[in-house]
Amino acid sequence: MFTTSKIWERIFYVLAYLFEGASFLNPRAYALMHRAHHAFSDTEKDPHSPHFFVDVYQMMKATIVTFGDYVKRIKDPEAQFPGHYPEWPLIDRMGSSILSRILFGAAYTTFYIFFAPYWWLFLLLPIHFMMGPIHGAIVNWCGHKYGYANFDNKDKSKNTTPFDFLMLGELFQNNHHKHPNSANFGKRWFELDPVYPVMKLMHWMRIITLRKAY
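In this text the structure is predicted, and so the values were computed from the model without any measurement. Note that residues are indexed from 1 along each chain, following the sequence as it is written. Totals for whole chains, interfaces and linings use all residues, but because this is a predicted model, local features are given only for residues with pLDDT of at least 70 and pairs of side-chain atoms are given and counted only at 80 or more. Note: side-chain values were computed over all heavy atoms of the structure, leaving out hydrogens and water.

Our next topic: the overall build of the protein. A run of H or I in DSSP becomes a helix once it reaches four residues, and a run of E becomes a strand once it reaches two; helices and strands are each numbered from the N terminus. Counting its secondary structure elements, the protein contains nine helices and two strands. What you see in the protein, going N to C, is helices and strands ordered as β-α-α-α-α-α-α-α-α-α-β. For a compact globule the rule gives 2.2 Å times the number of residues to the power 0.38, and the radius of gyration it is set against comes from C-alpha atoms. Taking 17 Å as the expected radius of gyration for a compact globule of 214 residues, we find that the protein reaches 18 Å, a close match to that expectation. Each principal axis of the C-alpha distribution contributes one length, and for the protein these read about 50 × 45 × 40 Å. Looking at the protein as a whole, 36% of its 214 residues are labelled buried. Here a residue-residue contact requires only that any non-hydrogen atoms of the pair lie within 4.5 Å. Look at the contacts in the protein between residues 6 or more apart in sequence, and 60% of them connect residues 24 or more apart. Each residue's exposure class comes from its accessible area (1.4 Å probe, protein chains only) as a fraction of the maximum for that residue type: buried when under 20%, exposed when over 50%, partly exposed otherwise.

So, on to the UniProt feature "transmembrane region" (unreviewed entry) in the protein. UniProt positions are given in the numbering used here, feature names are shortened, and annotations may be inferred rather than shown by experiment. In this numbering, the UniProt entry assigns the feature "transmembrane region" (unreviewed entry) to residues 102-125. Secondary structure content for residues 102-125 is 62% helix and 0% strand, and the end C-alpha separation is 13 Å.

If you trace the backbone, leucine 99 turns up in helix H5 (residues 98-115). Between the C-alpha atom of leucine 99 and that of glycine 132, which follows or precedes it by 33 residues, the distance is 17 Å.

It is worth spelling out the nonpolar core at this point. Soluble globular proteins: nonpolar side chains tend toward being buried together. To form a nonpolar core, buried Ala, Val, Leu, Ile, Met, Phe, Trp, Tyr and Cys residues must be joined to one another through side-chain atoms within 4.5 Å. By size, the foremost hydrophobic cluster in this structure holds eleven residues: Tyr13, Tyr17, Ala22, Phe24, Trp88, Ile91, Phe104, Tyr108, Tyr112, Leu121 and Leu125. If you list the elements that add at least two residues to this core, you get helix H1 (6-20) and H5. Element by element, the count of residues in this core is highest for H5, at three residues. Residue contacts for isoleucine 91: discarding those within four places in its chain leaves Tyr13, Tyr17 and Phe24. Judged by nonpolar contacts, the second largest core, of ten residues, contains Ala31, Phe67, Phe81 and Tyr85.

Feature annotation in UniProt assigns "domain: Fatty acid desaturase" (unreviewed entry) to the following positions: residues 16-200. Counting secondary structure, residues 16-200 comes out at 48% helix and 0% strand; the distance between its end C-alpha atoms is 19 Å.

As structure tokens, this is what we get:
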């Protein structure tokens with residue numbers, strides 16, 4: 001969708017680690033899985049099509065196993081989907097470690113201890129611990145089961161909702177599968193991708209360079 005300088009790439013890498021925290025995803029492994037998902041969308045080779053699992057838990061369980069294999073390079077589809085993803089081995093090892101996830105979880109809990117005014121707010125902690133997998137579960141399950149389609153992509157991708165603020169445009173899956181390198185996931189006048197204006201601003205500020213969509 002865009003290119004950027006090596007300096008900004010490293011800045012984004014560190015920020016991704018800090019803000020994803022306990023849910024940090026190895027960018028290389030994520031890129032390979034995402035490319036496999038697009039290449040084999042809603043077929044038996046799709047790493048997380050909801051149409052091959054009885055429920056969302058089983059889908060995410062299989063996704064986590066596949067993702068872990070990519071991180072450890074036990075399975076490596078790089079020959080099919082080579083290059084064009086960032087790597088920083090030090091951050092990757094730190095972010096993927098159990099210790100890092102535990103420390104972030106402890107930091108979240110400490111913040112709640114000092115600032116949560118009501119006991120029931122602590123019930124939100126598991127959501128903070130698992131924010132990445134929860135987001136992935138919603139997008140991958142709902143985005144290929146529920147909603148409407150603007151395009152015939154020869155798969156089951158859907159636009160789950162025309163107003164996708166909570167998932168930041170990710171639930172425009174039908175649009176995304178039609179135009180996978182487009183920064184704007186919204187395609188019709190009523191479909192608003194809230195991230196796209198931010199990317200346009202970053203393009204205008206020359207932090208990133210948006211590529212021509214196809």
